[in-house]
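Spelled out, the chains give:
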Amino acid sequence: MKIVGVYGASGCGRGVMPLARHQISDAYLVFIDDGDHPSMVNGHPCHSWDEFLATPAESKQVAIAISDSRIRKRLSEKCAVNGVGFVEIRAGNVVEMDDVVLGPGAILSPFVTLTSNIRIGSHFHANLYSYVEHDCLIGDYVTFAPGARCNGNVLIKDHAYIGAGATIRQGKPGSPLRIGKGAIVGMGAVVTKDVPDGVTVVGIPARPLTK
Ligand code: UDP
């Protein structure tokens, strides 16, 4: 028996499980959650990590369905150490154009579009209706909330979070607009210039959040 675990049985994971069910027909699908959880969630067993590891199986893979990128990184390292691989989950109506290279463990929700000539690192989350336009370079553990819009020639570094409905202006060929490592773009923001590492920007046009 093959087992696929959707890691996280909260909001994100419960949105990913139906996509996994649609996509995967040759594996037993379970949730994995280390917090307090019922034994069954939406018709699937919910195991702790230790229970998942202890379950005998011909192969084990996970999709890490937790929006916090630091947790995704920690759990992905734990999976790798234990020989558990990653499965990409992608809704049936995702549009992917030419020359897109996507790292392991991505989760692409319904109505996501990735256009052409795009590079994306590991454990990318693209939520409902978000898109990545041409010639973008996106790092590891980046998260797009629902409706996030990333136009062409944009560079997004590891662990950046793009909030719901935010728009990132198009950069220039050879001079991309840059979103820094761990930067946060607030919900509905319109980003017109570079965002430094670790900075949160909000508003239209987006400006650094000050206390
Ligand atoms: N979680 C886990 N292991 C960890 C950290 C978090 O199983 O090491 C689970 C946590 O118990 C919770 C889920 O991940 O059920 C995260 O849920 P949350 O509502 O915070 O975020 P979302 O589902 O939106 O990503």
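Look a little higher up for the structure.
These remarks concern the structure in this document. (Residues numbered from 1 in each chain as written. Predicted model: local features only at pLDDT ≥ 70, side-chain atom pairs only at ≥ 80, totals over all residues. Heavy atoms only, no water.)

### Section: the pattern of salt bridges
Then, in step 1: On inspection of all chains with the given rule, the structure shows six salt bridges.
Then, in step 2: When salt bridges with common partners are traced through the structure, they connect Glu88, Arg90 and Glu96 into a single cluster. (Salt bridge = Lys/Arg side-chain N within 4 Å of Asp/Glu carboxyl O.)

### Section: a nonpolar patch on the surface
Then, in step 1: A cluster of nonpolar residues, Phe111, Leu128 and Tyr129, forms a patch on the protein surface that exposes about 310 Å² of accessible area.
Then, in step 2: Tracing the backbone shows leucine 128 in the loop between strand S13 (125–126) and strand S14 (131–132). (Patch = residues over 30% accessible without salt bridge, like charges linked within 9 Å, V, L, I, M, F, W, Y side chains within 5 Å. Areas by Shrake-Rupley, 256 points an atom, 1.4 Å probe, with all protein chains shown as cover. Helix = DSSP H or I, 4+ residues; strand = E, 2+ residues; numbered from the N terminus.)

### Description of a positive patch on the surface
Then, in step 1: Taken together, Arg70, Lys157, Arg178 and Lys181 make up a surface patch of like positive charges.
Then, in step 2: Relative to the helices and strands, arginine 70 resides in helix H3 (residues 69–81). (Lys, Arg positive; Asp, Glu negative; His and termini not counted. Charge placed at Lys NZ, Arg CZ, Asp CG, Glu CD.)

### Re H3
Residue pairs three or four apart in sequence face the same way in an α-helix, which turns once every 3.6 residues.
Then, in step 1: Here H3 spans 18 Å end to end across 13 residues, near enough to the 18 Å set by a 1.5 Å rise per residue.
Then, in step 2: Burial in H3 covers these residues: Ser69, Arg72, Leu75, Ser76 and Cys79. Viewed end-on, H3 has its buried residues packed into an arc of 120°, placing them on one side of the element. Of the exposed residues in H3, those oriented more than 90 degrees away from the buried face are Arg74 and Val81.
Then, in step 3: Check the buried side of H3 and you find it contacts strand S1 (2–7), helix H2 (49–54), strand S5 (59–64), strand S6 (85–86), S13 and strand S16 (143–144). (Expected span 1.5 Å × (residues − 1). Buried < 20%, exposed > 50% of the residue type's maximum accessible area, 1.4 Å probe, protein only. Arc of directions from axis to C-beta. Contact = heavy atoms within 4.5 Å.)

### Observations concerning the sheet that holds strand S2 (residues 28–32)
Then, in step 1: Spatial ordering of the open sheet is given by S3-S4-S2-S1-S5-S6, a layout of six strands whose pairing is mixed. In this open sheet, the two strands that pair with only one neighbour each are strand S3 (40–41) and S6.
Then, in step 2: Bridge count between S1 and S2: five bridges; the pairing is parallel. Residue glycine 5 lies in a different strand from S2, and its bridge partner there is valine 30.
Then, in step 3: Most of the contacts of helix H1 (residues 11–23) go to S2, to which it runs at about 170°, and overall it touches S1, S2, S3 and strand S4 (44–47).
Then, in step 4: In this fold H3 packs onto S1, S5 and S6, with an angle of close to 175° to the strand it touches most, S5. (Pairing = 2+ DSSP bridges. Axes fitted to C-alpha atoms, helices over the stretch in contact; angles between N-to-C directions.)

### What about the side chain of serine 130?
Then, in step 1: Note on placement: serine 130 falls in the loop between S13 and S14.
Then, in step 2: Those residues in contact with serine 130, other than ones at most four positions away along the chain, are Phe111, Val112, Thr113, Phe144, Ala145, Gly147 and Ala148.

### A short note on H1
Then, in step 1: The end-to-end C-alpha distance of H1 is 19 Å, a good match for the 18 Å that 13 residues give at a rise of 1.5 Å each.
Then, in step 2: Within H1, burial applies to Gly13, Val16, Met17, Leu19 and Ala20.
Then, in step 3: On its buried face, H1 sits against S1, S2, S4, strand S7 (89–90) and strand S10 (107–108).

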